[in-house]
Amino acid sequence: MKKHITDFKIVKKKVYNATYFALTLQHPSTLPEIEAGQFVEVEIPGNKHVMLRRPISIHDVDSEKSQLTLLVQVVGKGTKTLSQMEEGETLNLVYPLGRGFSQEGKEVLLVGGGAGIAPMLHLSKCLSAKGTHCTILLGGRSATMIPVQEEFRPYGDVYFATEDGSLGEKGLVTQHSVFGAEYDHIYTCGPTPMMKAVARHAMEKGIECEVSLENMMACGVGACLCCVVDSDEGHKCVCKDGPVFNAKRLTNWIKK
Ligand SMILES: Cc1cc2nc3c(=O)[nH]c(=O)nc-3n(C[C@H](O)[C@H](O)[C@H](O)COP(=O)(O)OP(=O)(O)OC[C@H]3O[C@@H](n4cnc5c(N)ncnc54)[C@H](O)[C@@H]3O)c2cc1C
Ligand code: FES
């Protein structure tokens with residue numbers, strides 16, 4: 001898939017809380033096709049301490065308006081700078097990067113944790129448009145760590161798990177009552193221990209499972225090798241060969 005470098009205009013900024021915000025970005029002409037699970041490399045403007053672009057998942061796509069939305073968690077210098085940007089300003093993106101989710105299955109479970117919720121919205125939209133029934137399970141330490149909630153409702157049955165019990169069932173996503181139901185495919189993105197637990201469960205039950213890894217990245221295009229994962233077929237670049245992998249290819253990673 002061809003990669004583009006484009007200046008987008010920020011047309012909407014939504015601040016959920018001190019940690020999470022979303023930026024809706026306007027393409028200058030026509031947005032190319034984007035697979036659910038692909039990501040962008042964002043240039044961080046005006047901060048001389050942040051030289052490298054930052055990888056951020058594509059949270060939502062509006063093809064008619066040629067807009068895409070990024071959901072960002074503030075964790076350090078780059079994401080802090082992004083959080084200070086305002087509507088009308090410009091962001092330069094390299095996109096669309098990586099391989100997305102297969103979108104297979106008829107009865108599927110989507111599990112998102114923390115910032116890993118981001119790619120699940122576009123995925124749930126694409127799957128429901130194909131007639132797939134989605135159970136969407138979103139987890140976080142507390143309700144504020146699950147900033148996007150209602151947006152998912154048109155695309156499936158939505159459930160929440162929080163460690164403090166402030167939203168949905170109390171506990172981890174893997175302890176939620178819908179987690180153990182019958183599915184033919186599971187898609188997950190979030191903290192590594194969560195994805196490993198989800199993948200282990202899927203493999204034990206013989207369910208197809210795809211995980212979206214969020215390894216540290218630099219170039220984003222397979223040149224620097226700083227993002228490699230120890231897959232069953234050797235080292236793979238998460239930015240180019242992933243970020244989405246079938247869990248069956250990652251048994252070494254799951255065991256670690
Ligand atoms: C494919 C991919 C998709 C991603 N999608 C999103 C998304 O949709 N929304 C979002 O908020 N974040 C996403 N991330 C994570 C995001 O890229 C990092 O949080 C960001 O690069 C941190 O930049 P920073 O300058 O703010 O932090 P830094 O100052 O660079 O680091 C601050 C802290 O964050 C840690 N950190 C940095 N990068 C990562 C990472 N990739 N994973 C875990 N910890 C990290 C560092 O170890 C450090 O402790 C994604 C990462 C990848 C690889
Ligand atoms: S980030 Fe450079 S090879 Fe993946």
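The model shown is predicted, which means the values in this text are computed figures rather than measured ones. (Residues numbered from 1 in each chain as written. Chains lettered and ligands numbered in written order. Predicted model: local features only at pLDDT ≥ 70, side-chain atom pairs only at ≥ 80, totals over all residues.)

(A) Focus on the environment of Ser57. Mapped onto the secondary structure, Ser57 falls in strand β4 (residues 54-57). Separated by 59 residues in the primary sequence, Ser57 and Gly116 have C-alpha atoms spaced 8.5 Å apart. (Helix = DSSP H or I, 4+ residues; strand = E, 2+ residues; numbered from the N terminus.)

(B) Molecular detail of helix α2 (residues 118-129). With nine of 12 residues buried, α2 is to be regarded as a mostly interior element. The set of residues buried in α2 consists of Ala118, Pro119, Met120, Leu121, His122, Leu123, Ser124, Cys126 and Leu127. In the stretch just after α2, Gly131 is the one whose phi turns positive, near 90°. (Buried ≥ 20, exposed ≤ 12 C-beta atoms within 10 Å, placed from the backbone.)

(C) Just helix α3 (residues 192-205), in detail. Under the 1.5 Å per step criterion, the end-to-end length of α3 is 20 Å for 14 residues, consistent within 8% with the ideal 20 Å. Every buried residue of α3 is accounted for by Met194, Met195, Val198, Ala199 and Ala202. On an axial view of α3, the arc spanned by its buried residues comes to 125°, and they lie on one face. Facing away from the buried surface of α3 by more than 90 degrees, the exposed residues are Pro193 and Glu204. Looking one or two residues past α3, Gly206 carries a phi angle of roughly 70°, positive in sign. (Expected span 1.5 Å × (residues − 1). Arc of directions from axis to C-beta.)

(D) Molecular detail of the site of ligand 1. Lining the immediate surroundings of ligand 1 are 21 residues, of which Ser57, Gly76, Gly78, Thr79 and Ala118 lie closest. Those elements that place two or more of their residues in the shell around ligand 1 are β4, β6 (67-73) and α1 (77-83). Among the elements that line the shell around ligand 1, the one with the most residues is β4, at four residues. Residue composition of the shell around ligand 1, grouped by class: 12 nonpolar, six polar and three charged. (Near = placed C-beta within 6 Å. Nonpolar A, V, L, I, M, F, W, Y, C, P; charged D, E, K, R; others polar.)

(E) Expanded view of the domain arrangement of the protein chain. When cut into domains, the protein chain gives domain 1 (4-97) and domain 2 (107-212). On a C-alpha basis, the centroid separation for the pair domain 1 and domain 2 is 23 Å. Taken together, the contacts link 12 residues of domain 1 with 13 residues of domain 2. Residue composition of the side of domain 1 that touches domain 2, by class: six nonpolar, five polar and one charged. (Domains from an automatic or database assignment. Contact = placed C-beta atoms within 7 Å.)

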